[in-house]
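The primary structure of each chain is shown beneath.
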Amino acid sequence: MFALLGAYAVPTIALMIAAFVLLLVELFIPGFGLPGVLGLIALGAAVVLQFMTGSATVALWILAIGLAVLVAGVIALVRSLDKGRLSKSFLVLNDSIGASAGEAAKNADLVGSAGTTETMLHPAGIAAIGGERMDVVSNGEFIPAGEPVVVTAVEGTRILVKRKEG
């Protein structure tokens, strides 16, 4: 193997190892990308070093193997973040914020209820419906404060209203 790499076998291998270590550091330490850039430069330097010795075939093999290892590493990382050990770590936020089923069901009963806007709806604002202040949205219509409105639809926690006619 070392004979295949030519006179620069040890520096080429050292640059490849440094490149992979720096790219691993980039994956797990937040920052602005310095280790990643240095890793890519080290990988490029290993390829250029082999081109300088006149072995373009070996340089292309080094580049192909390096890129294949990087792609495999990224795929393994993404899978681990999605379903593996990393998905259970502090690095991944698995909780979601949403309305409880009870709140969504309570709001579904509001369709057809009347109320009054407390703030101007442009198109979102606050209305008093059934004695409660609620965040509501009109269908793009600007409705001034103090206007009577009626609930037309409820989509999860989003309450759609329109100006009451009559």
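Calculation rules
- Residues numbered from 1 in each chain as written.
- Predicted model: local features only at pLDDT ≥ 70, side-chain atom pairs only at ≥ 80, totals over all residues.
- Heavy atoms only, no water.
- Pairing = 2+ DSSP bridges.
- Helix = DSSP H or I, 4+ residues; strand = E, 2+ residues; numbered from the N terminus.
- Axes fitted to C-alpha atoms, helices over the stretch in contact; angles between N-to-C directions.
- Core = buried A, V, L, I, M, F, W, Y, C linked by side-chain atoms within 4.5 Å.
- Buried < 20%, exposed > 50% of the residue type's maximum accessible area, 1.4 Å probe, protein only.
- Contact = heavy atoms within 4.5 Å.
- Salt bridge = Lys/Arg side-chain N within 4 Å of Asp/Glu carboxyl O.

A.B. asks: Which parts of the structure should I look at to understand the sheet that holds strand β5 (residues 158-163)?
C.D. replies: Strand-to-strand pairing in sheets goes through backbone hydrogen bonds, with the strands running parallel or antiparallel. With mixed pairing, five strands are arranged side by side around a closed barrel as β1-β2-β3-β5-β4. Each adjacent strand pair in this sheet contributes to an overall mean axis angle of 55 degrees, direction not counted.

A.B. asks: Would you take a moment to explain the nonpolar core for this structure?
C.D. replies: In summary, soluble globular proteins display a tendency toward joint burial of nonpolar side chains. Within the largest apolar cluster, eleven residues are counted, these being Leu110, Leu121, Ala127, Ile129, Met134, Val136, Ile143, Val149, Val151, Ile159 and Val161. Beyond its immediate stretch of four places on either side in the chain, methionine 134 contacts Leu110, Gly125, Ile126, Ala127, Ile129 and Ile159.

A.B. asks: Would you mind showing me how to read the pattern of salt bridges here?
C.D. replies: Think of it this way: side chains of opposite charge can pair up when their charged atoms draw near. In the structure shown here, the tally under the stated rule is four salt bridges. Arginine 133 is paired through a salt bridge with glutamate 118; the nearest N and O atoms lie 3.3 Å apart. Placement of the pair is arginine 133 in strand β3 (residues 132-138) and glutamate 118 in the loop between β1 (114-117) and β2 (124-129), with a sequence separation of 15 residues. Assessed through its relative accessible area of 56%, arginine 133 is described here as exposed. In this structure, the salt-bridge partner of glutamate 155 is arginine 158, at a minimum N-O distance of 3.3 Å. Judged by its relative accessible area of 46%, glutamate 155 falls in the partly exposed class. Assessed through its relative accessible area of 40%, arginine 158 is described here as partly exposed.

A.B. asks: What's the story with the pairing of β2 in this structure? I'm lost.
C.D. replies: Across a regular strand the side chains alternate sides, sitting on one face of the sheet and then on the other. Alternating residues of β2 divide into Gly125, Ala127 and Ile129, all buried, and Ala124, Ile126 and Ala128, none buried. Inspection of the sheet shows β1 paired to β2 by three bridges, in the antiparallel sense. Bridge assignment links glycine 115 to a residue of β2, and that residue is isoleucine 129. Taken together, β1 and the strand that follows it, β2, pair antiparallel across an intervening segment of six residues. Taken together, the six bridges between β2 and β3 define a ladder with antiparallel strand orientation. Opposite isoleucine 126, over in β3, you have aspartate 135 as the bridge partner. Taken together, β2 and the strand that follows it, β3, pair antiparallel across an intervening segment of two residues, in which glycine 130 is found at a positive phi of about 65 degrees.

Such coordinate-based values are descriptive only and should not be taken to indicate function.
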